[in-house]
Amino acid sequence: MKWKKLSSKIIYRNPWLQLREDIVIRPDGKRGKYSVVEKPAANFVIALDQKGLIYFIKEYRYPIKKTILQLPAGSTDKNKNSLATAKNELFEETGLKAKRWKKLGKFYIAPGHESVYANVFLATRIDASQLNKPRRSADELILRTIKLPIAKIKQLIGSGKIECGITLAALNLYFQIYEY
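Throughout, a residue's number is its position along its own chain's written sequence, starting from 1. Confidence filtering applies because this is a predicted model: local features only for residues at pLDDT of at least 70, side-chain atom pairs given and counted only at 80 or more, and all residues used for totals across whole chains, interfaces and linings. With hydrogens and water set aside, each side-chain value is computed from the structure's full complement of heavy atoms.

## Regarding the overall build of the protein chain
Here comes step 1: The secondary structure content of the protein chain amounts to three helices and 10 strands.
Here comes step 2: Projected onto the principal axes, the alpha-carbon positions of the protein chain cover approximately 55 × 35 × 30 Å.
Here comes step 3: Each residue is placed in one exposure class: buried if its accessible area under a 1.4 Å probe, protein chains only, is under 20% of its type's maximum, exposed if it is over 50%, and partly exposed if it falls in between. Counting the 180 residues in the protein chain, one finds 43% classified as buried.
Here comes step 4: We call two residues in contact whenever any of their non-hydrogen atoms come within 4.5 Å of each other. Once local pairs closer than 6 in sequence are excluded, the contacts in the protein chain between residues at least 24 apart make up 59%.
Here comes step 5: Computed by Shrake-Rupley with a 1.4 Å probe, the accessible areas treat only the displayed protein chains as cover when residues are assessed. Of the roughly 10700 Å² of accessible surface on the protein chain, 53% is carried by carbon and sulfur atoms.
Here comes step 6: Across the protein chain, the mean location of the 34 positive side-chain charges is 3 Å away from that of the 16 negative side-chain charges. Runs of H or I in DSSP of at least four residues are treated as helices and runs of E of at least two as strands, each being numbered from the N terminus. In summary, the charge assignment counts Lys and Arg as positive and Asp and Glu as negative, without counting His or the chain termini. Charged side chains are reduced to one point each, which is NZ for Lys, CZ for Arg, CG for Asp and CD for Glu.

What follows is the structure, encoded as structure tokens:
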């Protein structure tokens, strides 16, 4: 059997997301409700410099009440495509620009309850002349930008020091393609 949607309504909306509630017939044939978070696609950037170092941001995250290490990222702007948004986010969060961009892939973040997916971009030929002169928005608390070698990144992953799931998945895509 398949899922069958009988009706759908938006029960909450703000500028960043909306919550949709569907009345469904589940695969077991019973009627039920299914709630889905809808957000624009996310764009995560692996900014790799000429020495093989990857840039990260240390950012305080309000929902978990702690500072974590993650890749520069942001949601796709309604008026821009994913690559344009990724370029903008990299500059806004770090002050970095890149001359070469390559999309490594995409994946769904939490397909059991949200429709959003993450694009992963590799940015190379980095211009760091404006590093730490970003134009951050008021809703971000980025404490600093750091760059790390691959060996240190793998050590941090292994010790549980990188806790952002999307950062971990994005790095996994990179490692599968470039690091054997």
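## Some remarks on the packing of helix 2 (residues 150-158) against helix 3 (residues 165-178)
Here comes step 1: Axis geometry follows a simple rule: fit a line to the C-alpha atoms, using only the stretch in contact for helices, then measure angles between N-to-C directions, giving values from 0 to 180 degrees. At a closest axis distance of 12 Å, the pairing of helix 2 and helix 3 adopts a crossing angle of 135 degrees. Here helix 2 lies oblique to helix 3, going by the angle between them. In the crossing of helix 2 with helix 3, the sense of the turn from one axis to the other is left-handed. Taken together, the residues of helix 3 that come into contact with helix 2 (itself represented by Ile150, Ile153, Lys154 and Ile157) are Leu168, Leu171, Tyr174 and Phe175.
Here comes step 2: Residues of the contact of helix 2 with helix 3, tallied by class, amount to seven nonpolar, no polar and one charged. Each angle is binned into one of four classes, with values under 35 degrees roughly parallel, values over 145 roughly antiparallel, values of 65 to 115 roughly perpendicular, and all other values oblique. By convention, the crossing between two helices is left-handed when the near helix turns anticlockwise from the far helix through less than a right angle, and right-handed when the turn is clockwise. Note on residue classes: Ala, Val, Leu, Ile, Met, Phe, Trp, Tyr, Cys and Pro are nonpolar, Asp, Glu, Lys and Arg are charged, and everything else, Gly too, is polar.

## Things to note about the pattern of salt bridges
Here comes step 1: One side-chain nitrogen of Lys or Arg within 4 Å of one carboxyl oxygen of Asp or Glu is enough to make a salt bridge. Tallied over the full model, the rule gives seven salt bridges.
Here comes step 2: In this structure, Arg20 and Glu38 form a salt bridge, with 2.4 Å as the shortest nitrogen-oxygen distance. One end of the pair, Arg20, is in strand 2 (residues 18-25); the other, Glu38, is in strand 3 (residues 31-38), and 18 residues separate them in sequence. By the burial criterion, Arg20 is buried, and Glu38 matches it.
Here comes step 3: A salt bridge links Lys147 to Asp49, with the shortest nitrogen-to-oxygen separation between them at 3.7 Å.

## Observations concerning the sheet that holds strand 6 (residues 66-70)
Here comes step 1: Taking strand neighbours across the sheet as the criterion, the three strands line up as 6-5-10 in an open arrangement whose pairing is antiparallel. The open sheet has two free edges, formed respectively by strand 6 and strand 10 (142-149), since each of these has just one partner strand. Direction aside, neighbouring strands of the sheet carry axes that sit 25 degrees apart on average.
Here comes step 2: For two strands to count as paired, DSSP must find a minimum of two bridges between them. Pairing of strand 5 (residues 53-61) with strand 6 involves five bridges; the strand directions are antiparallel. Paired with Lys58 across the bridge in strand 6 is Leu69.

## Some details on unusual backbone geometry
Here comes step 1: Positioned with a positive phi, Lys65 is a non-glycine residue whose angle comes to about 55 degrees.
Here comes step 2: On the secondary structure map, Lys65 appears in the loop between strand 5 and strand 6.

## A look at the nonpolar core
Inside soluble globular proteins, nonpolar side chains tend to come together where they are buried.
Here comes step 1: To qualify as a nonpolar core, a set must consist of buried Ala, Val, Leu, Ile, Met, Phe, Trp, Tyr and Cys residues joined through side-chain atoms within 4.5 Å. One finds Ile46, Ile54, Phe56, Ile153, Leu171 and Tyr174 to be the most contacted residues of the largest nonpolar core, which totals 27 residues.
Here comes step 2: Breaking this core down by element, the ones donating at least two residues are strand 4 (42-47), strand 5, strand 6, strand 8 (97-108), strand 9 (117-127), strand 10, helix 2 and helix 3.
Here comes step 3: Looking at this core, the element that brings in the most residues is helix 3, giving five residues.
Here comes step 4: Excluding residues within four positions of it along the chain, Leu171 makes contact with Ile46, Ile54, Phe56, Leu71, Ile153, Ile157 and Ile162.
Here comes step 5: Listed in part, the 11 residues of the second largest apolar core include Val45, Tyr55, Ala86 and Ile126.

It is worth stressing that arrangement in space is one thing and function is another; only the former is reported here.
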